[in-house]
Amino acid sequence: MSYLKFDKTLLANLDESLQREYIRTNRKGAYASSTIVGCNTRKYHGLLVVPIPELGDQNRVLLSSLDLTIVQHGAEFNVAVHHYKGGVISPNGHKYIREHNVDVVPATVFRVGGVILKREQVFCHYINRAIIKYTLIEANSDTLLRFRPLLAFRSVRALTHENGQINRDHVPARNGIGISLYNGYPHLFMQFSKEPQYIEGGCWYKDFEYAKERERGYECTEDLYMPGIFEIPIKKGESLYFAAGLEEANPNTLRTTFAKEVKERIPREDFFSCLRNAAHQLYYRPTPEDGYLLAGYPWFGVRARDLLVALPGCTLCVDAPERFERIMNTIVPVMQRFMQEQEHCGTIQGLHEQDIGSWAIWVVQQYARRNGIEEARRFGAFVREVADYYLSNQHPTVRVRENGLLYATGNGEPLSWMDAKLNGRAVIPREGYLVELNALWYNALCFDRELNGARPETDSLISRIEQSFPDVFLNCYNYLFDYVQDGKPQDWSVRPNMLFAASLPYTPLQRRQQLHVLEITTRELLTPKGIRTLSPKSEGYQPHCQGKQEDRELAYYNGSAWPWLLGQYTEAYLRLYGNSGVAFLERMLIGMEEELQMHGVGTISELFDGNPPFTGRGAISFAMSVGEILRAKELLNQTEHGMHLETHHMYSYTKWKI
C-alpha cells in the first residue's frame, strides 16, 4: 500500500486538499511547489522558482503553472485548478483527479470520461529544470492535450499585475520556445519531447488570489501572462514530456533524463524515508566547493543557528557523512573569519548571534559521539578557538561574568532563537543571563576539555558555573528562569529553554534538578507536535499562530509548539529514564508521523498551534524540525536496540556498540 497517497474524496474537498502542499528542490536553491491539486495558494508557489543572483537574493517565480486541457471530440476538459478573487474556483480540475501519490515523485491520475491520464513531475538535481511526464493510460478515441503556461517573472515576495512593460517576443527552441518577460531575466525555455503546434496569442489572466497570503494579511491577488498555447495529440500508452528551464534542453533526452531522476529518488515508504528525503531537499550546494543547509522552504535562506542545529540530523543521521564534511569545510572558515575580523558572510545569516559558537561546538560533539573522540580531534583547534573567542570577551554582545556565566545584551533586539520582533523591538525582551545560552556554554567548555585536554582557567570556570548556574536560574518551584537580568524583576514564565540544561551531554544541574525540569516541561509544554514556547498557565499565552504579521509575531514564542525541541526533549528523557522511556517517546513521535500527510507533505513544518488540533504553520519544510526529529528517532533506535556504552552515561565519545 502506498505510504503517501490521497484519494479522490479528499482531493475533491478543497478545504482539505488546499491545506496540503508539496515541495521539490534541486540542491541549487530552486524548487517547485504547490498544493497537491495544483492550485497555488501562496505567492511562493510555482512550477519553476529559481535564484537569479543578478536580480537580488530573493528567488524568482518564472513558471507559475501549466494549465492542461484534455480535448476529445471537440469537448474540452480543463484539469487545472485556480482560486480567483472573490472566492471563485475555476476551472474545477480537482473533480477529475482520482488519486495523488507522492511516494517517489508527485503523481496525479486524472479521469475524464473514458480518458485516464497520469501526470508525474521531477525537479532535476543541480540544474534549474522541471520535467513533467504525461502518460495516456486509457482513451477511447483521438485525444489532444492543450497547454497554457502562466508566467509571473517576479520575486517570491512580490506580485505582478498587467502592465505594458513586458516583452512579448519569444525565441525559437527545439520543440518549444524561449521567453523572457523583463530585462535582466534569463529566458525561460518551455519544450516538449515531440513537436507541438504553438499558437501565439499572449494575454493576461486576471485576479488570481492566494489564500495563504490573504490569511497572513498580505497582498494576495495578481495577474499572470499567458504567451500562447501548445497543442499536441497523444495516443493511448504514449508518454509526453514537458521541460521548463533556464537552458535549452535536448528534447530527445527528456525521457532518459526523467527516468534517471526518478531512479535517484528515495521512495517514501515510511516515516524515516520521508524525513531522509526532506533532509536531502534542504541541502544547498550553490558552488562545487560549498555546502549548506537552507533553514527551510519556501522562503528561508541559510541561517547559522538553523544550519548548526539541523546539521547532525540532516547529514549524519541519514548516512550522508560527505555532506557533513562539505558543510563543515564551508562553515568553519567562515566562522573563523568572523571571530577574527567580525567579517559577515553574504550567504550565512546570523553569525553574530550569541549562541552560534556554542552550537558549533555541539555539532562537533555530536560527530564525536558517532565516530569517537579520536576522529573528532581534527576539529580540536576550531573548538578551542571558539571557546577562547568567548573567554576573551571578543563577542560584541556577550561577556563572561565573574561567576563564569555569559551575560548578553541586545539593546531591544531579540536574542537567541526567540527572534520575533515588532517595530524593531523584541516581542520577548530576553536579556542578561539566558538559560539555554549558559547551558550550551557549560557544555561547550566541558567538551573542549574532553577534546583538547584540561587547562587551569577552564577548570576554574567550569567549577564556578556549576555553582552559579543553579543559583541564578533555579527557582523555588524547581524549574528554571528563562532569563535573569540585572536590576529587573524575575520573569516567572514557564518556557522550554530550560530543557537544554537537562538534555545536553554536560549539564551543571544535579539529577533531581534535571528531573524537575523535565517533569514540568512534560506537564505544561509537551504537545503531540512539539514543545510549546510558553505554558498555558503563564501570562500572555497565545496558542494560535495565524492572522496578520503582528498577530503571528506575538504568537511565535508565546505558546506555539516547535518540533525541533523534541530532539532535546528525547535526549533529556532517555538520559534520565533510559529504556523505560522508549515506549512513551515512540508514542510521542506518532504525532509527527501523522503530520507527514498534512501541511508539508512528506516533511515537517516550522511550528504548530499550541492547542488542538495543532495546525501546522510557518514554513512547510523546516530544517531544524527535520534534523532534530531524525536525531530523536536515531536516539530511540539506539536505545531500543540495546546499544551499550563503555562509560557510565549515554554520552560516551566512543562509538556505539551493539
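Since the model is a prediction, treat every value here as computed from it, not as a measurement. (Residues numbered from 1 in each chain as written. Predicted model: local features only at pLDDT ≥ 70, side-chain atom pairs only at ≥ 80, totals over all residues. Heavy atoms only, no water.)

K.L.:
What exactly am I supposed to notice about the overall build of the chain here?
P.N.:
Along its length, the chain carries 18 helices and 36 strands. In the chain, which comprises 658 residues, the share counted as buried stands at 62%. Across the chain, contacts joining residues at least 24 apart in sequence account for 66% of those joining residues at least 6 apart. For the chain, the accessible area works out to roughly 24,700 Å², and carbon and sulfur atoms hold 48% of it. If the 72 positive side-chain charges of the chain are averaged to one point and the 77 negative ones to another, these points end up 3 Å apart. (Helix = DSSP H or I, 4+ residues; strand = E, 2+ residues; numbered from the N terminus. Buried < 20%, exposed > 50% of the residue type's maximum accessible area, 1.4 Å probe, protein only. Contact = heavy atoms within 4.5 Å. Areas by Shrake-Rupley, 256 points an atom, 1.4 Å probe, with all protein chains shown as cover. Lys, Arg positive; Asp, Glu negative; His and termini not counted. Charge placed at Lys NZ, Arg CZ, Asp CG, Glu CD.)

K.L.:
In this structure, what is going on with the sheet that holds strand S14 (residues 170–173)? I would like to understand it.
P.N.:
Backbone-to-backbone hydrogen bonds join strands into a sheet, with any given pair of strands oriented parallel or antiparallel. In spatial order, the strands read S1-S9-S10-S11-S12-S19-S16-S15-S14; together these nine strands make up an open sheet with antiparallel pairing. Single-partner strands in this sheet number two, and they are strand S1 (5–7) and S14. The mean inter-strand angle of the sheet, taken between neighbouring strand axes irrespective of direction, is 15°. Across seven bridges, the pairing between strand S12 (residues 129–138) and strand S19 (residues 239–245) is antiparallel. Bridging across to S19, Thr135 finds its partner in Ser239. Taken strand by strand, helix H4 (residues 254–264) contacts strand S11 (115–123), S12, strand S16 (188–192) and S19, and its axis lies near 70° from that of S11. (Pairing = 2+ DSSP bridges. Axes fitted to C-alpha atoms, helices over the stretch in contact; angles between N-to-C directions.)

K.L.:
Before we go on, may I ask you to explain helix H17 (residues 582–595) in this structure?
P.N.:
Since the α-helix packs 3.6 residues into each turn, any two residues three or four apart lie on the same face. For H17, which comprises 14 residues, the first-to-last C-alpha distance of 21 Å matches the rise-based estimate of 20 Å (1.5 Å per residue) to within 8%. Every buried residue of H17 is listed here: Val582, Leu585, Met588, Leu589, Gly591, Met592 and Glu595. Summarising the contacts, the buried residues of H17 are in contact with helix H5 (271–281), strand S31 (526–527), helix H16 (565–577), strand S34 (607–608), strand S35 (616–617) and helix H18 (623–640). (Expected span 1.5 Å × (residues − 1).)

K.L.:
Any chance you could explain the pairing of strand S3 (residues 31–35) here in plain terms?
P.N.:
On a regular strand, one side chain projects to one face of the sheet and the next to the other, so that they alternate. Of all five residues that make up S3, five are buried, and the element is covered over most of its length. With five bridges joining them, strand S2 (residues 21–25) and S3 adopt antiparallel strand pairing. For Glu21, the partnering residue across the bridge sits in S3 and is Thr35. Between S2 and S3, which follow one another and run antiparallel, lie five residues, and Arg27 among them has a positive phi close to 75°. As defined by bridge partners, S3 adjoins strand S4 (residues 46–51) across two bridges and the pair is classed as antiparallel. Counterpart to Tyr31 in the pairing with S4 is Val49.

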